[in-house]
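# Inside the fold
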Amino acid sequence: MTDLLDAPTTKTTISQAQPDNNGYYGEFGGAYIPEMLYHNVETLRKNYLKITKSKAFQKEYKALLRDFVGRPTPLYFAERLSQHFGAQIYLKREDLCHTGAHKVNNTVGQILLAQRLGKKRIIAETGAGQHGVATATVCALKGIECIVYMGAVDIKRQAPNVARMKMLGAEVRPATSGSQTLKDATNEAIRDWINNPEDTHYIIGSAIGPHPYPDMVTRFQSVISEEIMKQLKEHTGSPNPDYVVACVGGGSNAAGAFYHFIDTPSVKIIAVEAAGEGVHSGKSAATSVLGTKGVIHGCRTILMQTDDGQIVEPHSISAGLDYPGIGPMHAHLITTGRAQAISITDADALEFATFVARTEGIIPALESAHAFAALKYMDLKKSDVVVVNLSGRGDKDLDTYMRSLNL
Ligand SMILES: *Cc1c(COP(=O)(O)O)cnc(C)c1O
């Protein structure tokens, strides 16, 4: 498949946080799409910055973030964790967002964009159902038809989120091909978009996909680091931490937490990925170690694939990190050395989920527990200011916690 939006580059990237005109972060990104999607993706590309930067859009977006999502989320000094690790540890409380995670920052932005593009119908893909719920939520808010594609196997595994989506008025359509999981749901969503190019907007749930999705999702999530800078300045006198730590599935919460620090070299960036049962166990999602360059879901990035380019099924105990690729911005930051990747096993994540619960009185999402576990592998000094992005709360993972921890 060729990169249909590719054209001679007219601007070199000035910030590592933003792609060039063709959607490239260094050698990663672009828009590798079937020709039948060209019209939809090109319409988005031409309009997303113009619309999202407009005064009217910003006014409505910021009002909804404040009154519907509950922003700004607190930046909380975790006193007992700080004592334990011998550093100054702050938690960015995305777990306190409406619907329980950062994902809604993006879906609120995209629903406003879809409205302004005149779209009457929303489609989305979902794995564990978190993005499906965040999408169904904003569609209900705006009274727009919502169809969520979900693998038939995932529909069985994630019954509470399926019920949430239905209660919010969304239609959940099973994807019955292949392994009947996220990858197959994504294929179904793309097929739908090809067949409905005029009235439908596809809300992608992470900082992945063809340009402009990674940049668009990153900008919507960048409110996280915008707030961190303001709040950290109030706490410590400086807007910049020594470290910012976030888990990476596709990469949206990490992209948002890193965004405003990327061009400040004194802030060390730690991207935490899932090592499943061990990086080399054959049951892992440690893309930065196991991945090679290739194309997945519309962009060039690093992904887990066989020698002949078949996607390797990833594994992680946390559904949100169970993805065979990473967003192109993270591929760029990691391969250029700007970000350091740390891989965390299922066992470490479970241990730290419990530890954070008992140390701070916060039950984190399994994804976020990976970010906490990374603290153990960092060489921290007492004076180091560390911000951990607490991407979501653990309610959705209670079933796994009950089974894995014998609760
Ligand atoms: C979905 C999810 C993630 C992973 O997605 P990213 O796009 O990498 O942020 C992380 N944490 C939580 C709580 C999630 O729901």
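Conventions and cut-offs
- Residues numbered from 1 in each chain as written.
- Predicted model: local features only at pLDDT ≥ 70, side-chain atom pairs only at ≥ 80, totals over all residues.
- Heavy atoms only, no water.
- Axes fitted to C-alpha atoms, helices over the stretch in contact; angles between N-to-C directions.
- Helix = DSSP H or I, 4+ residues; strand = E, 2+ residues; numbered from the N terminus.
- Parallel < 35°, antiparallel > 145°, perpendicular 65-115°, else oblique.
- Contact = heavy atoms within 4.5 Å.
- Nonpolar A, V, L, I, M, F, W, Y, C, P; charged D, E, K, R; others polar.
- Phe/Tyr/Trp six-rings, centres within 6.5 Å; stacked < 30°, edge-to-face > 60°.
- Buried < 20%, exposed > 50% of the residue type's maximum accessible area, 1.4 Å probe, protein only.
- Pairing = 2+ DSSP bridges.
- Near = heavy atom within 4 Å.
- Polar contact = N/O pair within 3.5 Å; in protein donor to acceptor, adjacent residues only side chain to side chain.
- Areas by Shrake-Rupley, 256 points an atom, 1.4 Å probe, with all protein chains shown as cover.
- Domains from an automatic or database assignment.
- Expected span 1.5 Å × (residues − 1).
- Disulfide = S-S within 2.5 Å.

### Overview of the packing of helix H14 (residues 346–360) against helix H16 (residues 398–405)
One way to put it is that H14 packs onto H16 with a least axis distance of 11 Å and a crossing angle of 105°. Classified by the angle their axes make, H14 and H16 are roughly perpendicular. Together, Leu 350, Ala 353 and Thr 354 of H14 and Tyr 401, Ser 404 and Leu 405 of H16 make up the contact between the two elements. Looking at the contact of H14 with H16 residue by residue, the classes come out as four nonpolar, two polar and no charged.

### A short note on the packing of aromatic side chains
In the structure shown here, the tally under the stated rule is 10 aromatic pairs. Here Tyr 61 and Phe 220 contribute two aromatic rings whose centre-to-centre distance is 5.4 Å and whose plane-to-plane angle is 55°, an arrangement assigned as tilted. Here Tyr 61, found in helix H2 (residues 55–69), pairs with Phe 220, found in helix H9 (residues 213–221); they are 159 residues apart in sequence, far enough to count as distant. Judged by its relative accessible area of 6%, Tyr 61 falls in the buried class.

### Comments concerning the sheet that holds strand E9 (residues 243–247)
The sheet built from six strands is open, its strands ordered E3-E4-E14-E9-E10-E13 with mixed pairing. Looking at strand neighbours, the two that pair on one side only are strand E3 (75–77) and strand E13 (339–345), the edges of this open sheet. Along the sheet, successive strands turn relative to each other by an average axial angle of 25°, direction set aside. Packing of H14 onto the sheet brings it into contact with E3, strand E10 (268–276) and E13, and relative to E13 it is tilted by some 95°.

### Some points on the site of the ligand
Around the ligand, the surrounding shell holds 17 residues, and the nearest of these are Lys 103, Ser 206, Gly 249, Ser 252 and Ser 391. At 2.5 Å, a side-chain N or O of Ser 206 approaches an oxygen atom of the ligand. In this structure, Ser 252 approaches the ligand through a side-chain N or O atom, which is 2.7 Å from an oxygen atom. Compared with its free state, where it exposes 380 Å², the ligand has 96% of that area covered by protein. Of the residues in the shell around the ligand, the class split is four nonpolar, 11 polar and two charged. If you count residues domain by domain, the shell around the ligand takes at least three from each of domain 1 (26–62 + 103–217) and domain 2 (70–101 + 222–405).

### Looking at the pairing of strand E14 (residues 385–390)
Most of E14 sits inside the fold, with six of its six residues counted as buried. Neither face of E14 is left uncovered, since the one carrying Val 385, Val 387 and Asn 389 and the one carrying Val 386, Val 388 and Leu 390 both have all their residues buried. The pairing of strand E4 (residues 88–93) with E14 spans six bridges and is parallel. Across the sheet, the residue bridging to Ile 89 is Val 386, located in E14. One ladder, built from three bridges, connects E9 with E14; its direction is parallel. Looking across to E14, one finds that Val 245 is bridged to Val 388.

### Some remarks on helix H5 (residues 130–142)
The end-to-end C-alpha separation of H5 is 19 Å, in line with the 18 Å expected for 13 residues at 1.5 Å each. H5 sits mainly inside the fold: 10 of its 13 residues count as buried. Of the residues making up H5, those classed as buried are Gln 130, His 131, Gly 132, Val 133, Ala 134, Thr 135, Ala 136, Thr 137, Val 138 and Cys 139. The inward-facing, buried residues of H5 abut H2, helix H4 (103–116), strand E5 (121–126), strand E6 (145–151) and helix H7 (159–167). Where H5 ends, the next residue or the one after it, Gly 143, has phi of about 65°, a positive value.

### Digging into the state of the cysteines
Following the criterion strictly, the structure yields zero disulfides and no others. The thiol of Cys 247 is not disulfide-bonded; the next cysteine sulfur, from Cys 97, is found 13 Å away. According to the relative accessible area criterion, Cys 247 is buried, its value standing at 1%. Looking at the unpaired Cys 299, the closest cysteine sulfur is the one in Cys 247, lying at 18 Å. Here Cys 299 falls in the buried class, since its relative accessible area comes to 1%.

### Brief notes about the environment of Val 69
As for its placement among the helices and strands, Val 69 is situated in helix H2. On a C-alpha basis, the gap between Val 69 and Thr 99 in space is 8.1 Å, while along the polypeptide they are 30 residues apart. Not counting the four nearest positions on each side in its chain, Val 69 is found in contact with Leu 64, Leu 96, Cys 97, His 98, Val 104, Asn 105 and Val 108.

### Digging into the side chain of Ser 206
If you trace the backbone, Ser 206 turns up in the loop between strand E8 (200–202) and H9. For Ser 206, a relative accessible area of 12% corresponds to the buried category. A polar contact of 3.4 Å, which involves the side chain of Ser 206, links it to the backbone nitrogen of Ser 252. In this structure, Ser 206 is in contact with Val 217, Gly 250, Gly 251 and Ser 252, ignoring residues within four places of it in sequence.

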